[in-house]
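Structural features, examined
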Amino acid sequence: MQSDEEGEVIRTAEISARERYQLLISLVVPRPIGWLSTFSADGRANLAPFSYFAALADTPMLVGASIGQRGSAPKDTLRNIRETGACCVNVVTESQLEAMNLTSGDFPPGVDEFQAAGLPMARASLVNAPYVGNCPAVLECRLHQEVDLGSPSSTLVIAEVVAVHLDPTLERAAGTQYVTTESLRPVGRLAARAYALIGEIKKLDRPKVD
Ligand SMILES: Cc1cc2nc3c(=O)[nH]c(=O)nc-3n(C[C@H](O)[C@H](O)[C@H](O)COP(=O)(O)O)c2cc1C
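Quantities reported herein were computed from a predicted structural model and do not represent experimental measurements. (Residues numbered from 1 in each chain as written. Predicted model: local features only at pLDDT ≥ 70, side-chain atom pairs only at ≥ 80, totals over all residues. Heavy atoms only, no water.)

Concerning the site of the ligand
Cut-off, in case you're wondering: By convention in this text, a residue qualifies as near a molecule or strand provided that one of its non-hydrogen atoms is within 4 Å of it. Polar contact is defined as a pair of N or O atoms within 3.5 Å, subject to the rule that within protein one atom must be able to donate a hydrogen and the other to accept it, and that residues adjacent in sequence are counted only when both atoms are side-chain atoms. Surface exposure here means Shrake-Rupley accessible area, sampled with a 1.4 Å probe, where a residue is shielded only by the protein chains that are shown. Strands here are runs of E lasting at least two residues and helices are runs of H or I lasting at least four, both read from the DSSP assignment and numbered beginning at the N terminus. Ten residues, namely Ala, Val, Leu, Ile, Met, Phe, Trp, Tyr, Cys and Pro, are considered nonpolar, four, namely Asp, Glu, Lys and Arg, are considered charged, and the remaining ones, Gly among them, are considered polar.
Of all residues adjacent to the ligand, which total 18 residues, the nearest are Pro-49, Tyr-52, Gly-68, Lys-75 and Thr-77. Gly-68 is positioned such that a nitrogen or oxygen atom in its backbone is 2.8 Å from an oxygen atom of the ligand. In the environment of the ligand, an oxygen atom lies 2.5 Å from a nitrogen or oxygen atom belonging to the side chain of Thr-77. Starting from 650 Å² of accessible surface for the ligand in isolation, the protein chains cover 89%. If you list the elements that add at least two residues to the shell around the ligand, you get β5 (45-50), β7 (61-67) and α2 (76-84). Per-element tally for the shell around the ligand: the top contributor is β5, with four residues. When the residues that make up the shell around the ligand are grouped by side-chain class, the tally is six nonpolar, seven polar and five charged.

Some thoughts on the sheet that holds strand β14 (residues 155-166)
The condition that has to hold: Two strands make a pair as long as DSSP finds a minimum of two bridges between them. Fitted lines through C-alpha atoms serve as axes, helices being fitted only where they are in contact, and the angles separating the N-to-C directions of these axes extend from 0 to 180 degrees.
The seven strands lie next to each other as β5-β4-β10-β13-β14-β7-β6, forming an open sheet whose pairing is antiparallel. On the outer flanks of this sheet lie β5 and β6 (53-58), each paired with one strand and no other. Looking at each pair of strands side by side, their axes are set apart by 35° on average, direction ignored. Pairing of strand β4 (residues 34-39) with strand β10 (residues 86-91), which is carried by four bridges, proceeds in the antiparallel orientation. Pairing of Gly-34 across the sheet is with Val-91, part of β10.

Below you can see the structure in the form of structure tokens.
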């Protein structure tokens with residue numbers, strides 16, 4: 001670690017994995033949460049949150065989640081996506097924050113997190129995956145590509161959104177498909193146990209360059 005009057009420069013190769021994790025998740029904030037629901041090959045439902053999660057492209061419509069390992073084995077979500085080629089992304093909103101947190105528990109593979117968190121399960125229409133029945137916005141996805149992110153293993157799952165479910169309570173800006181943030185009330189992840197709720201929303205026009 002180097003220090004001068006301009007502050008610290010931390011060389012990431014010289015700190016521990018835990019410290020890299022702590023810096024990354026406290027500086028890349030707030031992060032959207034992909035609350036991923038999947039079926040195993042034998043039809044057992046699984047639900048877990050991932051905040052190494054991002055929108056990647058609109059055509060094709062792609063999202064990505066980076067999934068770590070549990071010990072030396074893939075997490076259930078990754079194993080299931082490999083088995084079925086599908087998942088649903090449930091958008092985490094204020095009213096489901098506690099339920100989302102419950103589903104991050106280190107449950108053994110056989111446990112259905114829908115039941116553990118008391119959430120209703122519904123079945124996707126186009127892909128072989130469940131979703132949170134009372135979640136206001138859900139993306140039905142098909143596996144597009146898997147990218148190995150190196151060792152110790154993390155895997156970036158890139159998935160194509162093939163259908164979008166919207167609850168009638170969600171409003172759209174007039175004449176567009178923009179879902180209003182005020183009606184969605186999404187939650188973002190900050191560092192450690194902290195989450196960001198929607199506060200003041202500022203709107204800016206894009207600069208006009210002649
Ligand atoms: C808000 C939140 C975000 C998380 N983000 C990630 C993530 O991006 N990648 C990851 O591997 N685990 C992440 N976790 C931990 C997983 O949710 C946890 O390991 C879960 O048990 C995995 O479940 P599964 O084995 O059913 O797939 C996160 C947990 C929380 C609470």
